[in-house]
Each structure stands twice: as C-alpha cells, then as structure tokens.
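# Notes for the structure review
Each chain, written out:
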Amino acid sequence: MEMDFAPVLAQWPMLLQGLMLTFVLTGIAIPLGVLLGIACAWLRLNAGAGVRAVVATYVEIFRNTPFIIQLFFLFFGLPSLGVRMSPESASILAMTLNLGAYACEQIRAGIEATPRGQLEAAQCLALNRWQTFTRVVLPPSLARVWPALTGQIIIVMLGSAVCSQISTEEISYAANLISSRTFRSFESYIVVTLCYLGLAILLRQLLVWAGPRFIFGRHR
C-alpha cells in the first residue's frame, strides 16, 4: 500500500480547528473536575451521612460506567427531561463529572494520609476549619496524589475522542471527516494519533511544571 499524506495534510485548517477545540474542552474540564473532586472529597470526610451517601453514589456511578454512556445520557437522555445542551457543553460536563469522580477518591486518599500532628499544629495556631483544610491539609494532600491525578487528567483528555459521537468537532471528528472525504483512513488516523500523542506529552509536562508552582506550593 502506498501512503499519501498530502490529501490529509491539505485539510490542516480542519485539523487545527479540531485540535484547538480538544484543547479548549480539556482546558475547561480539568480545573472544574479537580475542584469538583476536592469538594466531593471534603464532603465525603466531613459532611453528614445523607450528603456522604449522595456523593458516594455519584462517585460509584461515574467510576463504574463507560464514559461514552455518561456522554450519551447527558446529550441524548436529558432532553427528555427538558434539559438540552450543545455538543460542546455536554462534552465539557461529561468530562468534568468523570474527572471529578476519580479525583474525589484520589484526593480523599491524600487527605486521609495527613499526619495527625499537622492537624494538632493547626489547632494550636487557632486556625478555623476552612483555614486548616485549605492551608494545612489540602496542599500536601494534592502533592501526594498529583502523579496519579495527572495520569487521570491525561486519560480524560484522551477520552474526549468519543465526544465526536455527539458531533463535537474536536480532533477525532476532524479525522473521521477527512477520512471520509479523502479515502485515506490510514493516513488520517496516523496524523490524529500523533496529535493526541503531542497533546498528552504537552499536557503532562504542563501539569508537572504547574503543580509545584501554582497548586500545592512547596509541598512535594
């Protein structure tokens, strides 16, 4: 088989547009998902029994069902209840909820590993509950679980490929369209594979660099 990348690369505006949308979807879903995970982890450890049960149910549902089913439920299922979203909004919400469920358990594990002496020191300094959590407990907890959380963020970014199934025009959607137009499927998916590989490497390096500087300070 003779490969010809020229017809595929000639569609670079479509590829670039899909790449940028993938980047935007991920860029919005990551901070929202991590914040949701932090909130859910705190609730699972500090809220009443009823709230803990609700959060635990959410976590178990989203950790034990396929991402594409979650996406289809939000985009195709919710309209029957009168809730309609654009493909992009449904994609961001699905990615956020999925990441939030996994991040919740990872961050909760980091919080539970906090030495008791740090909590006693916070009490001696007369820190209130919120100050203790945000200044004493959370930063080192994030530092402990950051490698695992980084891996989960990469998985969510790669999982955005299935968002093309609801017509979100990200990079895999562009690859499918180019493949159907040029009849160069092999070349199209080689290009999109390299795009995802580049995105994953770039995102991982960004998270490794940003974590110690902006997220958990000097705690490593």
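What comes next is a walk through the structure. Not measured: the values here are computed from a predicted model.

## Things to note about the environment of Leu74
Within the fold, Leu74 resides in helix α4 (residues 67–77). Sequence separation between Leu74 and Ser91 is 17 residues, and the spatial gap between their C-alpha atoms is 8.6 Å. Residues within four places of Leu74 in sequence aside, it is in contact with Pro79, Met85, Ala90, Leu93, Ala94 and Leu97.

## Points about the packing of aromatic side chains
Scanning the entire structure with this criterion turns up 3 aromatic pairs. Ring centres of Tyr58 and Phe62 lie 5.2 Å apart, and the angle between their planes is 55 degrees; this geometry places the pair in the tilted category. With Tyr58 and Phe62 both in helix α3 (residues 49–63), this residue pair falls 4 residues apart, about one helical turn. Side by side, Tyr58 and Phe62 carry an identical accessibility label, which is buried.

## A word on the nonpolar core
Soluble globular proteins tend to pack their nonpolar side chains together in the buried interior. With 55 residues, the main nonpolar core has Val34, Tyr58, Met95, Ile107, Ile153 and Leu203 as its most contacted residues. Breaking this core down by element, the ones donating at least two residues are α2 (12–46), α3, α4, α5 (87–112), α7 (129–159), α8 (171–182) and α9 (185–215). If near-sequence neighbours (up to four positions away) are discounted, Val34 is found in contact with Leu99, Ile107, Leu149 and Ile153.

## Some words on the pattern of salt bridges
Tallying each qualifying case throughout the model produces 4 salt bridges. In this structure, the salt-bridge partner of Arg108 is Glu112, at a minimum N-O distance of 3.5 Å. Linking Arg108 with Glu112, this pair stays in helix α5, spanning 4 residues, or about one helical turn. Taken together, the shared-partner salt bridges in this structure form one network comprising Arg44, Glu105, Arg108 and Glu112.

## Remarks on the packing of α5 against α7
Their axes nearest at 8 Å, the elements α5 and α7 cross at an angle of 135 degrees. By the angle class used here, α5 and α7 are oblique. The interaxial crossing formed by α5 with α7 has right-handed handedness. Residues Met95, Asn98, Leu99, Tyr102, Ala103, Gln106, Ile107, Gly110 and Ile111 of α5 pack against Phe133, Val137, Leu138, Ser141, Leu142, Arg144, Val145, Ala148, Leu149, Gln152, Ile153 and Val156 of α7. Residues of the contact of α5 with α7, tallied by class, amount to 15 nonpolar, 5 polar and 1 charged.

Definitions and limits used
Sequence order sets the numbering: in each chain, residues are counted from 1 along the sequence as written. Under the rules for a predicted model, residues below a pLDDT of 70 receive no local features and side-chain atom pairs below 80 are neither given nor counted, while totals for whole chains, interfaces and linings still include all residues. The side-chain values count all of the structure's non-hydrogen atoms but skip hydrogen atoms and water molecules. Secondary structure follows DSSP: runs of H or I at least 4 residues long count as helices, runs of E at least 2 residues long count as strands, and numbering of each begins at the N terminus. The contact criterion used is simple: two residues touch if any of their non-hydrogen atoms lie within 4.5 Å. Note on aromatic contacts: the rings of Phe and Tyr and the six-membered ring of Trp form a pair at centre separations within 6.5 Å, being stacked when their planes are under 30 degrees apart, edge-to-face when over 60 apart, and tilted otherwise. Remark: exposure states derive from per-residue accessible area (1.4 Å probe, protein chains only) relative to the maximum for the residue type, with buried under 20%, exposed over 50%, and partly exposed in between. Definition used in this section: a nonpolar core is a set of buried Ala, Val, Leu, Ile, Met, Phe, Trp, Tyr and Cys residues joined via side-chain atoms within 4.5 Å. Counted as salt bridges are all cases of a side-chain nitrogen of Lys or Arg within 4 Å of a carboxyl oxygen of Asp or Glu. Helix axes are fitted only over the stretch in contact, all axes being lines through C-alpha atoms; the angle between N-to-C directions runs from 0 to 180 degrees. Angle categories are assigned with fixed cut-offs, so that under 35 degrees is roughly parallel, over 145 is roughly antiparallel, 65 to 115 is roughly perpendicular, and the rest are oblique. Crossings are sorted by hand: turned counterclockwise from the far helix by less than a right angle, the near helix makes the crossing left-handed, and turned clockwise it makes it right-handed. As a working rule, the residues Ala, Val, Leu, Ile, Met, Phe, Trp, Tyr, Cys and Pro are called nonpolar, Asp, Glu, Lys and Arg charged, and the rest polar, with Gly in that last group.

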